[in-house]
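# Structure assessment
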Amino acid sequence: MKVLYDGEIYAMYAKQSGGISRYFDNLISRLPEEFSPILTTARNRGGSHPIHPNLNLLRCDFNFYPNRISRWFRNRYFKHIVSQYEFQIANPTYYSLLTGQSILDYKCPIVITVYDMIHEIFSDSMDPYGIVSELKRKAVFSAHSILCISESTRQDLLERYPALEERTTVTLLATELGESCISQAFITPNRPYYLYVGARENYKNFDQLLLAFANLTTKFPHILLCVGGSPFKKKEHKRIAELNLTNNIEHYGMTSDSQLAKLYNASIALVYPSLYEGFGIPPLEAMSCGTAVIASNVSSIPEVVGDAGLLFDPKSTDELVDH
């Protein structure tokens, strides 16, 4: 079985592994040995890619300015390369293609994965011109099979496009992290700490967490909040200073899986205040590493956490503090 994976997501995050590209790394790497996956990619050679005995990796990892010309050349290159191969199934990694073509142009069954409906639900901030939403709409209506990473995501999709019900299947995510991954050599804070992992923009509700944590430090001045993810922006540093939290927050940037597992395991709990998630992998990782979870009672999060964590209203600072 030959399966084509258009690696648009590898181009979107050319220097950053994780997220959707990690999902496809794991998916392709675990295909049966008799399969022959074909992956187009614009990620540089140092970035992660799947490993499979029959993997055919078609790479074009250069970029130059102006970007529109670089993109034009890359589209033409991949369109030519892909045309040389025969494949039985197409499974694009995103809602657009490295070839620049329409997903409808494929002459074989198409599988599309829907990760969330963030661009539709938070359209004002995430997709004000509806560009991603329209790409997604075209992609899902082109697909013969639609994989949704949670029942919540499936219901959000069907609320908008009920005609797709017969094409949808829920395929829940998993994690490789666990207590067996923990790096004993990695040093964590010697003060009690809560942990936050992941992006922090708008719907992630990070400012609400800062407000709650500022209230908590009035009672427990030595408590820490450890934050894993991208560096703080200037406005975040300013907000942290305004709330007198400078000495109560420690930032961790890029960590290995074993280091992250140690951060999870040594924490009091993971705090996950997001207003919406298509799945929400950090709570699953935390539980796998033996860590308590305090998370929002919204969207897919209760589906992931079940009765194994403490759930709260993410819009209530007082409720988060109480937990």
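A short tour of the structure in this document, coming up. Position numbers for residues start from 1 in each chain and track the written sequence from start to end. At least 70 in pLDDT is required for a residue's local features to be given in this predicted model, at least 80 for side-chain atom pairs to be given and counted, and no such filter applies to totals for whole chains, interfaces and linings, which use all residues. Excluding hydrogens and water, the side-chain values take into account all heavy atoms of the structure.

## Considerations on a nonpolar patch on the surface
- Surface patches are defined over residues having more than 30% relative accessible area and no salt bridge, joining like charges when they lie within 9 Å and nonpolar side chains (Val, Leu, Ile, Met, Phe, Trp, Tyr) when within 5 Å. With residues, only the protein chains shown are counted as cover, and all accessible areas are computed by Shrake-Rupley using a 1.4 Å probe. For this analysis, a salt bridge means a side-chain nitrogen from Lys or Arg found within 4 Å of a carboxyl oxygen belonging to Asp or Glu. A surface patch of nonpolar side chains, amounting to about 360 Å² of accessible area, comprises Tyr 129, Ile 131 and Leu 135.
- When accessible area is computed with a 1.4 Å probe and restricted to protein chains, residues below 20% of their type maximum are described as buried, those above 50% as exposed, and intermediate ones as partly exposed. The class for Tyr 129 is exposed, based on a relative accessible area of 75%.

## Quick word on the pairing of strand β1 (residues 2-5)
- As defined by bridge partners, β1 adjoins strand β2 (residues 36-41) across four bridges and the pair is classed as parallel. Pairing of Leu 4 across the sheet is with Ile 38, part of β2.
- Paired strands, as defined in this entry, are two strands with at least two bridges between them according to DSSP. In DSSP terms, a helix is any run of H or I states spanning at least four residues, a strand is any run of E spanning at least two, and both are numbered starting from the N terminus. Relative to strand β4 (residues 89-90), β1 runs parallel, the two being bridged by two bridges. Each residue of the ladder has a partner; that of Leu 4, found in β4, is Ala 90.

## Quick look at the pairing of strand β5 (residues 111-114)
- Here β5 shows no split at all, with Val 111 and Thr 113 on one side and Ile 112 and Val 114 on the other all buried.
- One ladder, built from four bridges, connects β5 with strand β6 (residues 145-148); its direction is parallel. Bridging across to β6, Val 114 finds its partner in Cys 148.

## Points about the pattern of salt bridges
- What the rule picks out here adds up to 12 salt bridges.
- The partner of Arg 22 in a salt bridge is Asp 257, and the shortest N-O contact between them spans 2.5 Å. Remark: Asp 257 occurs in helix α10 (residues 257-266) and Arg 22 occurs in helix α2 (residues 19-29); sequence separation between them is 235 residues.
- Between Glu 120 and Lys 136 there is a salt bridge, with the nearest N and O atoms lying 3.0 Å from each other. Remark: Lys 136 occurs in helix α6 (residues 131-142) and Glu 120 occurs in helix α4 (residues 118-121); sequence separation between them is 16 residues. Grouping residues by exposure puts Glu 120 and Lys 136 together as buried.
- Salt bridges sharing common partners tie together Arg 22, Arg 30, Glu 176 and Asp 257.

## Some points on the state of the cysteines
- Disulfide: a pair of cysteine sulfur atoms within 2.5 Å of each other. Applying the stated criterion across every chain, the model contains zero disulfides.
- Take Cys 181: it sits in no disulfide, and the sulfur closest to it among the cysteines is that of Cys 289, at 6.6 Å.
- Given a relative accessible area of 24%, Cys 181 falls into the partly exposed group.

## Remarks on the nonpolar core
- Core analysis: the largest hydrophobic core is formed by 46 residues, its most contacted members being Tyr 106, Ile 112, Val 114, Ile 146 and Leu 157.
- Among all residues touching Val 114, those that are not within four sequence positions of it are Tyr 95, Val 140, Ile 146, Leu 147, Cys 148, Ile 149, Thr 153 and Leu 157. Put simply, buried Ala, Val, Leu, Ile, Met, Phe, Trp, Tyr and Cys residues joined by side-chain atoms within 4.5 Å make one nonpolar core. Should any heavy atoms of two residues lie within 4.5 Å, those residues are considered in contact.

## So, helix α7 (residues 151-160)
- If you check which residues of α7 are buried, you get Ser 152, Thr 153, Arg 154, Asp 156, Leu 157 and Leu 158.
- At its buried positions, α7 is contacted by β5, α4, β6, β7 (168-170) and α12 (301-305).

## Considering the packing of aromatic side chains
- Only Phe, Tyr and Trp rings take part, Trp by its six-membered ring, and two of them pair if their centres are within 6.5 Å. Stacked means planes under 30 degrees apart, edge-to-face means over 60, and tilted covers everything else. All told, the structure shown has 13 aromatic pairs when counted by the stated rule.
- The interplanar angle of 85° and the centroid separation of 6.0 Å between the aromatic rings of Phe 87 and Tyr 106 together place this pair among those described as edge-to-face. Highlighted residues: Phe 87 in the loop between α3 (67-82) and β4 and Tyr 106 in the loop between β4 and β5, separated in sequence by 19 residues. Accessibility classification places Phe 87 together with Tyr 106 in one group, the buried group.
- Connected via pairs of aromatic rings, a cluster forms that spans Tyr 5, Tyr 23, Phe 24, Tyr 94, Tyr 95 and Tyr 115.
- Each ring is checked for a lysine NZ or an arginine CZ that lies within 6 Å of its centre and within 35 degrees of its normal; such an atom marks a charge sitting over the ring. The lysine or arginine in question, Arg 200, covers the ring of Phe 206, its NZ or CZ lying 5.8 Å from the ring centre.

## A closer look at the sheet that holds strand β3 (residues 56-59)
- Strand order in the open sheet made by the four strands is β3-β2-β1-β4, with parallel pairing throughout. In the strand order of this sheet, the two ends are held by β3 and β4, each with one partner.
- On top of the sheet, α3 reaches β1, β2 and β3; it is set at about 150° to β3, its chief contact. Lines fitted to the C-alpha atoms define the axes, with helices restricted to the stretch that makes contact. Angles between their N-to-C directions range from 0 to 180 degrees.

## A few points about the sheet that holds β7
- With parallel pairing, three strands are arranged side by side in an open sheet as β5-β6-β7. Each end of this open sheet is capped by a strand with a single partner; those strands are β5 and β7. Pairwise comparison of adjacent strand axes, ignoring direction, gives a mean angle of 25° for this sheet.
- Alignment of β6 against β7, held across three bridges, turns out to be parallel.

## Considerations on the environment of Ile 146
- Its location among the elements puts Ile 146 in strand β6.
- Sequence spacing of Ile 146 and Glu 34 is 112 residues, and the spatial spacing of their C-alpha atoms is 24 Å.
- When near neighbours in sequence (up to four residues on either side) are disregarded, Ile 146 contacts Ile 112, Val 114, Val 140, Leu 157, Leu 164, Arg 167, Thr 168 and Thr 169.

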